Each structure stands twice: as C-alpha cells, then as structure tokens.
Amino acid sequence: MLRNMDGVQSAQLSLETASPRPAVAKRKAPASRALPRLTVGPIEAAEMLGVSRDYFDEHIKPELRIIRRGSKTILIPVAELERWVDRSASRYAC
C-alpha cells in the first residue's frame, strides 16, 4: 500500500508481483529450409540491376514479362531479370 500526498492509501501493483505473460516465440524457418524467391517487386528489381526505379520503369520494364495481380501488384520473376541481363549484355572487343 502506498500513501499519496493526502495521506490516503492506494494499492499499486508492483512489477515483481504481477505475473508476466508468457513470451510468444516467433518461429523462423531454418536456413536450410528457406525457399528461394521466385519474384521481386519493381523496387527490388531496379536495385538488383543497379538502376533507379524511374529508369527501370521507363527503359527495362517494357522489355520484361511481368505478373500483374489486381490494380497495383506487380511481380517480376527473377528468372526474367536474368534473361533480360543475358539478352542485353554485349561483348566489347578491345
């Protein structure tokens, strides 16, 4: 029991006496069971290619096969990005 300035006793629950809620552990998949990503969003795709999102949208995305779901969701298959890099790469003779 605690007394406030008016001398009135009040009960306060201390942290030591309160029963703590059991911690809920989040399960993570083991590294060996992690699934490889098949698709990425446009921002990630631009980062993977080392270009800005604007450059990606204007110059690269029109050449890719992409997955659209709904009005806003755009997914780009990682394999499609790899194919684009292979097709777009050129060899320079020195």
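Criteria and cut-off values
- Residues numbered from 1 in each chain as written.
- Predicted model: local features only at pLDDT ≥ 70, side-chain atom pairs only at ≥ 80, totals over all residues.
- Heavy atoms only, no water.
- Axes fitted to C-alpha atoms, helices over the stretch in contact; angles between N-to-C directions.
- Helix = DSSP H or I, 4+ residues; strand = E, 2+ residues; numbered from the N terminus.
- Parallel < 35°, antiparallel > 145°, perpendicular 65-115°, else oblique.
- Contact = heavy atoms within 4.5 Å.
- Nonpolar A, V, L, I, M, F, W, Y, C, P; charged D, E, K, R; others polar.
- Pairing = 2+ DSSP bridges.
- Salt bridge = Lys/Arg side-chain N within 4 Å of Asp/Glu carboxyl O.
- Buried < 20%, exposed > 50% of the residue type's maximum accessible area, 1.4 Å probe, protein only.

J.: What is the right way to read the packing of helix α1 (residues 42-49) against helix α2 (residues 53-60) from this model?
T.: Each pair of packed helices can be summarised by the angle the axes make with each other and by the distance between the axes. Direction vectors running N to C along α1 and α2 enclose 90 degrees, while the axes themselves pass 9 Å from each other. With respect to α2, the axis of α1 lies roughly perpendicular. Where α1 abuts α2, its residues Pro42, Ile43, Ala45, Ala46 and Leu49 lie against Arg53, Phe56 and Ile60. A breakdown of the residues in the contact of α1 with α2 according to their chemical character gives seven nonpolar, no polar and one charged.

J.: Any chance you could explain the sheet that holds strand β5 (residues 73-77) here in plain terms?
T.: The strands that make up a sheet pair up through hydrogen bonds in the backbone, lying either parallel or antiparallel. Strand order across the open sheet formed by three strands is β3-β5-β4, with antiparallel pairing between neighbours. Two strands bound the open sheet, and with one partner strand each, they are β3 (39-40) and β4 (67-69). Relative to β5, β3 runs antiparallel, the two sharing two bridges. Looking at the pairing, Thr39 lines up with Pro77 of β5. Against the sheet, helix α3 (residues 78-88) engages β3 and β5, with an angle of about 55 degrees to β5.

J.: It is not clear to me how the pattern of salt bridges should be interpreted in this structure. Could you clarify?
T.: Opposite charge on two side chains makes pairing possible when the charged atoms of those side chains draw close. Applying the stated criterion across every chain yields a total of five salt bridges. Linking Asp57 and Arg53 is a salt bridge whose minimum nitrogen-to-oxygen distance equals 3.0 Å. Residue Asp57 and its partner Arg53 are located together in helix α2, separated by four residues, close to a single helical turn. Judged by its relative accessible area of 27%, Asp57 is partly exposed. We note a salt bridge from Glu80 to Arg87, for which the minimum N-O separation is 3.9 Å. Judged by relative accessible area, Arg87 falls into the exposed class, the value being 51%. By sharing partners, the salt bridges in this structure join Arg65, Glu80, Arg83 and Arg87 into a single network.

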